[in-house]
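# A structural walkthrough
The chain contents come next:
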Amino acid sequence: MGRVLLISANTEKRPPVFPLGLSYIHASLVASGWEAGMLDMTQLEYTREAVTNYLNAYAPDYIGLSIRNLDNCCMQYPRSFVDQVCLMVDWVREWNSRASIILGGAGFSLLPRQWLQETGADYGIVGDGCDSIVELLSQLEAGQVPSAVSGLMFRTRAGEWNYWSPYAPEQLDQEYYPSRSGFLHSYDVDRRVRHNVLTKRGCALSCTYCAYPSLEGRAVRLRSPKGVADEIEQMVVQYDIDSFDFVDSVFNYPLEHAEEICRELIGRTLPLSWGCFLNPRFFTAEFAGLLKQAGCREVEFGIDSGSDICLRSFKKNFRQAEIRSVVQLCRDQALDFSFCLLIGGPEETSETLHETLDLMEELAVQRIFGLFGIRILPSTDMYSYAGSPEPDELLHPKFFMSPQLSLEQANSICAPYRERNPDWMFI
Ligand code: SF4
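Residues numbered from 1 in each chain as written. Predicted model: local features only at pLDDT ≥ 70, side-chain atom pairs only at ≥ 80, totals over all residues. Heavy atoms only, no water.

### Describing the domain arrangement of the protein chain
For the protein chain, the assigned domains read domain 1 (3-163) and domain 2 (196-426). Put simply, the middle of domain 1 and the middle of domain 2, counted by C-alpha atoms, are 28 Å apart. Of the residues lining the interface, 21 residues belong to domain 1; the matching set on domain 2 comes to 27 residues. Around 2100 Å² of area is buried between domain 1 and domain 2 when both sides are counted, 66% of it from carbon and sulfur atoms. Its largest share of buried area at the contact with domain 2, domain 1 owes to Met75, Gln76 and Leu110, together 28% of the area lost on that side. Taken together, the connections running from domain 1 to domain 2 amount to three salt bridges. Between arginine 201 and aspartate 128 there is a salt bridge; the shortest N-O distance is 3.7 Å. If you look at where domain 1 meets domain 2, you find five residue pairs in polar contact (both at pLDDT 80 or more). Of all the secondary-structure elements, those providing two or more residues to the side of domain 1 that touches domain 2 are helix H1 (20-31), helix H4 (106-110) and helix H5 (112-119). (Domains from an automatic or database assignment. Contact = heavy atoms within 4.5 Å. Buried area = accessible area lost by both parts, 1.4 Å probe. Salt bridge = Lys/Arg side-chain N within 4 Å of Asp/Glu carboxyl O. Polar contact = N/O pair within 3.5 Å; in protein donor to acceptor, adjacent residues only side chain to side chain. Helix = DSSP H or I, 4+ residues; strand = E, 2+ residues; numbered from the N terminus.)

### Digging into the packing of aromatic side chains
Applying the stated criterion across every chain, the model contains 20 aromatic pairs. On the numbers, 5.6 Å between centres and 50° between planes, the contact of tyrosine 46 with tryptophan 91 is tilted. Highlighted residues: tyrosine 46 in the loop between strand S2 (35-40) and helix H2 (48-58) and tryptophan 91 in helix H3 (residues 82-95), separated in sequence by 45 residues. Residue class for tryptophan 91 comes out buried when judged on its relative accessible area of 6%. Centre to centre, the rings of phenylalanine 251 and tryptophan 274 are 5.7 Å apart; their planes meet at 70°, and the pair counts as edge-to-face. Here the residue phenylalanine 251 occupies a position in the loop between strand S11 (243-246) and helix H9 (255-268), and tryptophan 274 occupies one in strand S12 (residues 273-278), the gap between them amounting to 23 residues. Neither residue differs from the other here; phenylalanine 251 and tryptophan 274 are each classed as buried. Here the aromatic cluster, defined as three or more aromatic residues joined through ring pairs, consists of Phe244, Phe246, Phe251, Trp274, Phe283, Phe287, Phe301, Phe337 and Phe339. Its guanidinium or amino end placed over the ring of tyrosine 58, arginine 3 lies 5.0 Å from that ring's centre, counting from NZ or CZ. Lying over the aromatic face of tyrosine 417, arginine 420 brings its terminal NZ or CZ to 4.9 Å of the ring centre. (Phe/Tyr/Trp six-rings, centres within 6.5 Å; stacked < 30°, edge-to-face > 60°. Buried < 20%, exposed > 50% of the residue type's maximum accessible area, 1.4 Å probe, protein only. Lys NZ or Arg CZ within 6 Å of the ring centre and 35° of its normal.)

### Quick look at the sheet that holds S12
Hydrogen bonds between backbone groups are what pair the strands of a sheet, and the pairing can be parallel or antiparallel. Strands sit in the order S8-S11-S12-S13-S14-S15-S18 across an open sheet of seven strands; the sheet is parallel. Edge positions in the sheet fall to strand S8 (195-197) and strand S18 (424-426), since each of these pairs with one other strand and no more. Neighbour-to-neighbour, the strand axes of the sheet open up by a mean angle of 20°, direction not taken into account. Bridge count for S12 against strand S13 (residues 296-304) is five bridges, and the pairing is parallel. The partner of leucine 278 across the bridge, within S13, is phenylalanine 301. (Pairing = 2+ DSSP bridges. Axes fitted to C-alpha atoms, helices over the stretch in contact; angles between N-to-C directions.)

### Comments concerning the side chain of serine 338
Along the chain, the position of serine 338 falls in strand S14 (residues 336-343). Owing to a relative accessible area of 11%, serine 338 belongs among the buried residues under this scheme. When residues no more than four places from it in sequence are discounted, the contact partners of serine 338 are Val299, Glu300, Phe301 and Arg367.

### A few points about the sheet that holds strand S3 (residues 62-66)
Read from one edge to the other, the open sheet built from seven strands follows the order S2-S1-S3-S4-S5-S6-S7, with strand pairing classed as mixed. Two strands lie at the open edges of the sheet, namely S2 and strand S7 (161-163), each paired on one side alone. The mean angle between the axes of side-by-side strands here comes to 20°, regardless of whether they run parallel or antiparallel. Here strand S1 (residues 3-8) pairs with S3 via five bridges, running parallel. Its bridge partner lying in S3, serine 8 is registered against serine 66. Across the sheet, H5 is in contact with strand S4 (100-104), strand S5 (123-125), strand S6 (152-155) and S7; its angle to S6 comes to roughly 40°.

### Section: the site of the ligand
Cys203, Leu205, Cys207, Tyr209, Cys210, Tyr212, Pro213, Ser249 and Val250 make up every residue found near the ligand. When grouped by side-chain class, the residues that make up the shell around the ligand number eight nonpolar, one polar and no charged. (Near = heavy atom within 4 Å. Nonpolar A, V, L, I, M, F, W, Y, C, P; charged D, E, K, R; others polar.)

### Brief notes about the pattern of salt bridges
All chains considered together, the criterion is met by 24 salt bridges. Taking the shortest distance from any N to any O, the salt bridge between arginine 221 and aspartate 128 comes out at 3.2 Å. Linking arginine 221 in strand S10 (residues 221-222) with aspartate 128 in the loop between S5 and helix H6 (130-141), this pair joins segments that are 93 residues apart in sequence. Residue classification places aspartate 128 among the partly exposed positions, given a relative accessible area of 22%. Between arginine 420 and glutamate 361 there is a salt bridge, with its nearest N and O atoms 2.9 Å apart. Placement of the pair is arginine 420 in helix H16 (residues 407-420) and glutamate 361 in helix H13 (residues 350-362), with a sequence separation of 59 residues. Judged by its relative accessible area of 27%, glutamate 361 is partly exposed. A single network of salt bridges, built from pairs that share partners, joins Lys226, Asp230, Glu233, Glu264 and Arg268.

Set out below in structure tokens:
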């Protein structure tokens, strides 16, 4: 069997986020008998020399390159990640032109054909990828032209595109957990990574700008609460990791599943400190209490707006009344919380923005993270609303901003609120 090097191309360091998808792929390969190592580029210098040193030392036959995002999703200061991924592919090619390069990850899955064209990589896997990578490498190792692999895309020598739609496995409880070790480098203490855990895949909600349901499916697929707690217990006991985030799109949907996970964690009496992303619609007093008891220290609500007009236009499943309610419930449990805002959606005006920010001040929300503009992504309502731009254009930063509110106006409306509230951030 050949040797596999998996590289997470993500370099965002505020804070560096553990490459969970890559570590699932690593665990799947190791469980199938492959020798595999990982590099996390948040922990290394992004230079040819650094990468080539690892390539020389490890001498892989296959290189898996994980692409987490297309760009930094920031309309004011956009930064595309395309060039840095292309550079990485070039460095690998220059090191050994015969090593197969396979792309994957959420950012790749959004625009797979465009990524393969732009980078010149050999193959790409759309979707979960854990079973597909094993199947693809087995076929390559046997000298076959790959075929019928879930989510696989590549261009033949004749220039034809081959693609097999990804199959979303129902069963998420595997014999393995994502690899927390297996990196070829140590983790620098100054670049302390934020660990993460996944309890489900898919999202049943329909927010107009979000590509997540098209990436992971509209049917929510759940891990067993016991399996989730077992993984966390292993993280604590084996790796001394007691601080992490649940990185499900919505931790508290279905609510009973999240409650059951909390009960499992409470039963284990582990010294935990964790965070999660929540939807205000599925937040109750009982659940807030369970979160607190289970070691949850901070929760983040992706409310997007405080104006019912905007919430309706984003197709959010809650309104201002629920936002008011979660603030009270969090305070009752002394649970730290923050709100994320998306400024500039289709119905946004100076009035709706003032309404949102006034509500945040009225509720004395301490931490707010506001993003100007809506990143246009394929397979979303926003994509059609924005006139269905050519998919090739979307590989580079492209944003929607309400025709009734310019970026400059939005900035100047937010400025005095930011001055009065030092922990509110708008970018
Ligand atoms: S924004 Fe969150 S809740 Fe809405 S569709 Fe996307 S993943 Fe689901």
